[in-house]
Amino acid sequence: EVQLVETGGGLVQPGRSLKLSCVASGFTFNNYWMSWTRQAPGKGLEWVASITNSGGSTYYPDSVKGRFTISRDNAQNTLYLQMNSLRSEDTATYYCTRGFAYWGQGTLVTVSS
Amino acid sequence: DVVMTQTPPSLSVAIGQSVSISCKSSQSLVYSDGKTYLHWLLQSPGRSPKRLIYQVSNLGSGVPDRFSGTGSQKDFTLKISRVEAEDLGVYYCAQTTHFPNTFGAGTKLELK
């Protein structure tokens with residue numbers, strides 16, 4: 001059974017940093033691209049970042065480019081999202097996804113002073 | 001960026017009724033490999049999204065065949081035949097043909 005478990009969310013002040021983790025199980029992690037998608041409270045879905053199965057290439061929307069970094073450790077079956085210079089508009093539940101076929105339970109990031 | 005326009009924004013239905021949701025993209029979603037990466041997701045209340053359909057018309061694992069997807073290029077439709085209570089929630093279309101990947105604003109399916 002595919003499982004994606006995110007951790008690392010919490011309350012953080014504007015301008016500070018936070019790193020999310022996602023531990024994957026139930027499939028061969030290094031065979032798949034992985035992504036992060038977020039959902040602001042009461043709002044729709046927004047794609048945040050993707051990484052190729054080797055980790056050699058990464059992709060971001062303009063809204064987070066230069067501030068967020070997606071990475072992975074294939075030996076540990078773990079996906080990461082390093083978020084720097086956080087803004088109030090980054091407040092959201094962050095989901096780890098394998099394509100859109102599998103989603104984690106999400107981790108809430110709140111950016112507020 | 002590819003804009004995904006979903007209609008209607010909400011639907012009120014009776015159990016057993018059939019409904020359709022439209023999704024139109026601002027650009028063709030046909031990728032260079034000839035495939036069309038248009039997907040449909042359902043987010044039930046308080047839950048993570050779940051993929052229902054991938055590449056326009058392929059049913060996701062464990063998804064009942066009451067769900068069907070059609071369309072091509074820039075115009076797509078999700079049909080739910082014989083709505084059941086477990087189908088209530090917000091439906092999203094999403095494209096992964098182009099970066100950035102983008103989603104429709106959602107269609108909320110509620111009980112009449």
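In this text the structure is predicted, and so the values were computed from the model without any measurement. The residue numbers shown here count from 1 along each chain, following its written sequence. Going through the entries in the order they are written, you letter the chains from A and number the ligands from 1. Local features in this predicted model are restricted to residues whose pLDDT is 70 or higher, and side-chain atom pairs enter the listing and the counts only when it is 80 or higher, whereas totals over whole chains, interfaces and linings include all residues. Side-chain figures throughout are based on the complete set of non-hydrogen atoms in the structure, without hydrogens or water.

Enquirer: Please provide a residue-by-residue account of the overall build of chain A, values included.
Expert: A count of helical and extended segments in chain A gives zero helices and 11 strands. Numbering goes from the N terminus for both helices and strands, where a helix is a DSSP run of H or I of at least four residues and a strand is a run of E of at least two. When the elements of chain A are put in sequence order from the N terminus, they spell out β-β-β-β-β-β-β-β-β-β-β. Put simply, the radius of gyration uses C-alpha atoms, and a globule should come to 2.2 Å times the residue count raised to 0.38. Expected size for 113 residues packed as a compact globule is a radius of gyration near 13 Å; at 13 Å, chain A falls within 12% of this value. Taken along its principal axes, the extent of the C-alpha atoms in chain A is 40 × 25 × 20 Å. Taking all 113 residues of chain A together, the buried fraction comes to 46%. Two residues qualify as a contact provided that any one of their heavy atoms is within 4.5 Å of a heavy atom in the partner residue. Within chain A, contacts between residues separated by at least 24 positions form 52% of all contacts whose residues are at least 6 apart in sequence. Only the protein chains shown count as covering a residue, and every accessible area follows the Shrake-Rupley method with a 1.4 Å probe. A total accessible area of about 5,200 Å² is found for chain A, and carbon and sulfur atoms account for 43% of it. Partly exposed describes any residue whose relative accessible area lies between the buried limit of under 20% and the exposed limit of over 50%, with all areas from a 1.4 Å probe on protein chains only and scaled to the type maximum.

Enquirer: I'd like a description of the sheet that holds strand β7 (residues 67-72) of chain B, backed by residues and values.
Expert: Residue and element names in this part refer to chain B. Pairing between strands is defined by DSSP: at least two bridges between them are needed. Overall, antiparallel pairing links the four strands, which are arranged β1-β3-β8-β7 in an open sheet. Where the open sheet ends on each side, the last strands, each with one partner, are β1 (4-7) and β7. On average, each strand axis in the sheet is tilted by 15° relative to the strand beside it, whichever way the strands run. For β1 and strand β3 (residues 19-25), the ladder comprises four bridges, and the chain directions are antiparallel. Looking at β3, one finds that Met4 is bridged to Ser25. Every axis corresponds to a line fitted to the C-alpha atoms, with the helix fit spanning only the stretch in contact, and the corresponding angles, defined between N-to-C directions, vary from 0 to 180 degrees.

Enquirer: A description of the pattern of salt bridges should follow, citing residues and the corresponding values.
Expert: Definition used for salt bridges: Asp or Glu carboxyl oxygen within 4 Å of a side-chain nitrogen of Lys or Arg. The tally for this structure, following the rule as stated, stands at nine salt bridges over all chains. Between Lys65 of chain A and Asp62 of chain A there is a salt bridge, with its nearest N and O atoms 3.5 Å apart. A residue is classified by how much of its surface remains accessible, and Asp62 of chain A, at 66% relative accessible area, is exposed. Note that Glu84 of chain B and Arg66 of chain B form a salt bridge whose closest N and O atoms lie 3.4 Å from each other. Here Arg66 of chain B lies in the loop between β6 (58-59) and β7 and Glu84 of chain B lies in the loop between β8 (75-80) and β9 (89-95), a separation of 18 residues in the sequence. When salt bridges with common partners are traced through the structure, they connect Arg38, Glu46, Arg67 and Asp90 of chain A into a single cluster.

Enquirer: How would you sum up the packing of aromatic side chains? Please name residues and give values.
Expert: By convention, a stacked pair of Phe, Tyr or Trp rings (six-membered ring in the case of Trp) has centres within 6.5 Å and planes under 30 degrees apart, an edge-to-face pair has planes over 60 apart, and any other such pair is tilted. Across all of its chains, the model carries 10 aromatic pairs over all chains by this definition. Both rings, one in Trp47 of chain A and one in Phe99 of chain B, keep their centres 5.2 Å apart while their planes meet at 35°; by these two values the pair is tilted. A residue pair is termed interchain when its members come from two chains, as with Trp47 of chain A in strand β5 (residues 45-51) and Phe99 of chain B in the loop between β9 and β10 (102-103). The structure contains a cluster of three or more aromatic residues connected by ring pairs, namely Trp33, Trp47 and Tyr59 of chain A together with Phe99 of chain B.

Enquirer: An account of the state of the cysteines is needed here, citing residue identities and associated values.
Expert: Residue and element names in this part refer to chain A. The definition used for a disulfide is geometric: two cysteine sulfur atoms within 2.5 Å. A complete count under the given rule lists two disulfides over all chains for this structure. A disulfide bridge connects Cys22 with Cys96, and the sulfur atoms are separated by 2.1 Å. With the S-S dihedral at roughly -70°, the linkage between Cys22 and Cys96 falls on the left-handed side. Here Cys96 lies in strand β9 (residues 92-98) and Cys22 lies in strand β3 (residues 18-25), a separation of 74 residues in the sequence.

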